[in-house]
Amino acid sequence: MGTTVFERQRPPASVVEHSLAQSVHSVFWRDDLPRTLMPDRPALVGTHRADLVIVGGGYTGLWTALLASERHPGAKIAVIEAQRVGWAASGRNGGFCEASLTHGHENGMARWPDDMPLLERLGMANLDAIQASEAQYGMDFQFERTGQLAPAVEPHEVDWLKEWAAEGAEGVRYLDQAEAQASVHSPTYLAAVWEKDACGIVHPARMAAELARVCEERGVEIFERSHVTGLDTSGPGVAVATGDGRVIASHAVLATNVFPSLLKRNRLMTVPVYDYVLMTEPLTAEQLASIGWQDRQGIGDLANQFHYYRLSRDNRILFGGYDAIYHYGRRVDPAYEHRPETWQKLASHFFTTFPQLHGVRFTHRWAGAIDTSTQFTAFFGTAREGRVAYAAGFTGLGVGSTRFAGEVMLDLLDGVSNERTELEMVRRRPLPFPPEPAAAIGINATRWSLDRADHNRGKRNLLLKTLDALGLGFDS
Ligand SMILES: Cc1cc2nc3c(=O)[nH]c(=O)nc-3n(C[C@H](O)[C@H](O)[C@H](O)COP(=O)(O)OP(=O)(O)OC[C@H]3O[C@@H](n4cnc5c(N)ncnc54)[C@H](O)[C@@H]3O)c2cc1C
């Protein structure tokens with residue numbers, strides 16, 4: 001097997017060790033929230049009535065609540081969150097807010113080629129709406145419409161970039177090696193594509209916290225530390241219950257993403273895949289000058305096991321990705337968030353990417369569960385005679401598309417037919433993952449194959465080709 005640039009150009013072990021020595025296991029974005037954006041909200045106690053009850057206080061639940069408050073002024077809306085608003089994926093992600101609703105153009109073309117022009121238009125409109133929402137609602141989640149840079153770090157990836165650029169999509173610019181390295185000074189870059197319009201970067205935890213604040217200003221009630229254990233539709237509406245309270249509503253939205261669904265039919269639809277992240281200290285002006293990056297694009301390299309990295313408002317670098325770890329039994333478990341070997345690998349890859357930053361320290365390290373579905377993007381639907389709507393399975397690309405999911409679920413509950421509800425992606429559910437042990441065997445064999453492909457000029461083995469042909473697979 002061949003090697004990757006991250007193995008050929010390893011930094012000294014002492015650089016990696018020093019960089020991690022004082023990092024804390026904590027989510028930078030959450031630690032960076034002002035206290036005013038983390039009010040202590042009440043738990044659900046007693047019986048409440050509402051028009052719409054939403055289970056889950058991440059982006060999906062909060063966008064749904066905000067959009068519902070606009071569609072149905074005066075409606076009584078309640079959000080019930082098991083822990084704290086935005087504590088899960090929505091508060092700990094990379095903050096790449098992409099236009100794509102299909103986990104990239106290629107994945108969309110492979111599944112819904114006829115719908116792709118519409119999906120891409122709707123995705124861009126969704127991203128524009130998120131950008132506009134800061135001014136519209138007086139929110140500050142540090143949105144920057146930076147676009148995204150996709151560098152090739154292995155020779156075979158350069159051809160992929162050329163093919164991508166040759167498709168001639170608007171806003172896509174091919175950069176040769178000199179141009180790519182002039183933009184961001186990494187010696188690993190062999191070429192790059194800069195997709196200028198289709199991505200922004202945000203402060204993820206602020207986005208969740210600001211959505212919650214604006215929802216409450218508009219009369220939405222949010223309950224925290226209230227784990228919903230029951231969904232009862234035997235009466236006329238929907239009753240959702242925690243240990244101490246319940247909400248009886250006309251309709252319910254399930255925005256619980258990678259966590260066990262309250263609907264049995266959705267239990268096998270997602271698997272949690274753990275993704276790991278590092279955050280540096282703020283760079284000095286000289287350190288920043290040494291890497292260029294004037295355009296502040298979000299960066300994602302092209303390998304199957306890819307890295308994503310970006311600047312924060314105060315010029316830290318968030319560096320995440322590569323390992324994507326599935327644990328037998330598909331549980332979401334805080335114990336899986338601790339993985340020193342992955343953080344060491346990420347730190348090593350960071351200094352391969354930016355050797356001029358030797359000496360920089362990481363202040364934070366953390367992990368989170370990626371909401372993987374077999375079609376790599378969200379699925380939608382209703383249950384219980386149309387009284388309950390759900391969306392889940394964003395597969396690591398939900399910062400933008402969760403807002404779109406909110407619109408879709410409200411369409412479905414309102415019983416309207418429009419260009420969103422007509423999409424095949426919305427009308428058809430993907431295949432579930434198999435139960436254990438098949439899930440673990442299949443996912444881990446796929447991961448092994450993807451790693452081999454990255455070490456073998458991108459060549460996909462028989463397993464990957466078969467999965468490609470079946471429209472199945474595994475990604476983060
Ligand atoms: C490390 C990491 C990096 C990522 N990077 C990016 C990125 O750069 N760009 C991007 O687009 N996407 C990224 N993602 C994915 C993105 O964060 C998610 O797709 C998105 O946040 C999903 O939002 P959500 O509201 O559906 O889910 P969540 O944020 O997980 O919210 C679901 C909420 O439901 C609550 N809940 C679950 N069950 C119950 C219950 N029974 N009762 C009450 N409450 C319940 C949970 O407590 C949770 O708060 C990343 C994810 C991770 C983990």
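Residue indices follow the written sequence of each chain, beginning from 1 at its first position. Note on the predicted model: pLDDT of at least 70 is required for a residue's local features to be given, and 80 or more for side-chain atom pairs to be given and counted; whole-chain, interface and lining totals, by contrast, use all residues. Remark: hydrogens and water are excluded; side-chain values derive from all non-hydrogen atoms of the structure.

Now for the nonpolar core. Remark: nonpolar core denotes a set of buried residues (Ala, Val, Leu, Ile, Met, Phe, Trp, Tyr, Cys) joined through side-chain atoms within 4.5 Å. For the exposure calls, accessible area comes from a 1.4 Å probe over protein chains only, and a residue counts as buried if that area is under 20% of its type's maximum, exposed if over 50%, partly exposed in between. Membership of the largest hydrophobic core comes to 52 residues, with the highest contact counts inside it found for Met207 and Phe380. Looking at this core, the elements that each hand over two or more residues are β2 (46-55), α4 (59-71), β3 (77-80), α7 (116-137), α10 (204-217), β19 (388-392), α13 (401-414) and α14 (424-427). Here a strand is any run of E in DSSP of at least two residues, a helix any run of H or I of at least four, and the numbering for each starts at the N terminus. Tallying contributions element by element places α4 first for this core, with seven residues. A contact between two residues is defined here by any heavy atoms of the two lying within 4.5 Å. Apart from residues no more than four positions distant in its own chain, Met207 is found in contact with Tyr59, Trp63, Ile130, Phe141, Val202 and Val399. Leu283, Ile291, Ala347 and Phe350 belong to the second largest nonpolar core, which has 40 residues in total.

A few words now on unusual backbone geometry. Residue Pro437 follows Glu436 across a cis peptide bond; omega there is 5 degrees. Summarising the element assignment, Pro437 is placed in the loop between α14 and α15 (438-454). Even without a glycine there, the phi angle at Gln142 is positive, about 60 degrees. Position of Gln142 among the secondary structure elements: in the loop between α7 and β5 (148-152). Its identity as a non-glycine residue notwithstanding, Arg296 has a phi of 60 degrees, on the positive side. For Arg296, the location among the structural elements is in the loop between α11 (285-291) and β14 (298-300). A residue is classified by how much of its surface remains accessible, and Arg296, at 17% relative accessible area, is buried.

Time to look at the site of the ligand. The criterion for a residue being near a molecule or strand is simple. One of its heavy atoms has to lie within 4 Å of it. Taken together, 38 residues lie around the ligand, and Thr60, Glu81, Trp87, Ser90 and Phe96 are the ones closest in. Take Glu81: an N or O atom from its side chain is 2.6 Å from an oxygen atom of the ligand. Two N or O atoms form a polar contact when they lie within 3.5 Å of each other; inside protein one atom must be a possible hydrogen donor and the other a possible acceptor, and for residues adjacent in sequence the pair counts only when both atoms belong to side chains. Between Asn93 and the ligand, the recorded distance is 3.3 Å, taken from a side-chain N or O atom to an oxygen atom. Surface accessibility follows the Shrake-Rupley procedure with a 1.4 Å probe radius. Residue values consider only the protein chains on display as shielding. Contact with the protein chains covers 98% of the free accessible surface of the ligand, which is 1000 Å². Going through the elements one at a time, α4, α5 (89-92), β13 (271-280) and β17 (362-372) are the ones with two or more residues in the shell around the ligand. Of the residues forming the shell around the ligand, the biggest block, four residues, is contributed by β17. Across the shell around the ligand, the residue classes tally to 18 nonpolar, 16 polar and four charged. Side-chain classes follow a simple rule in which Ala, Val, Leu, Ile, Met, Phe, Trp, Tyr, Cys and Pro form the nonpolar group, Asp, Glu, Lys and Arg form the charged group, and the remainder, Gly included, forms the polar group.

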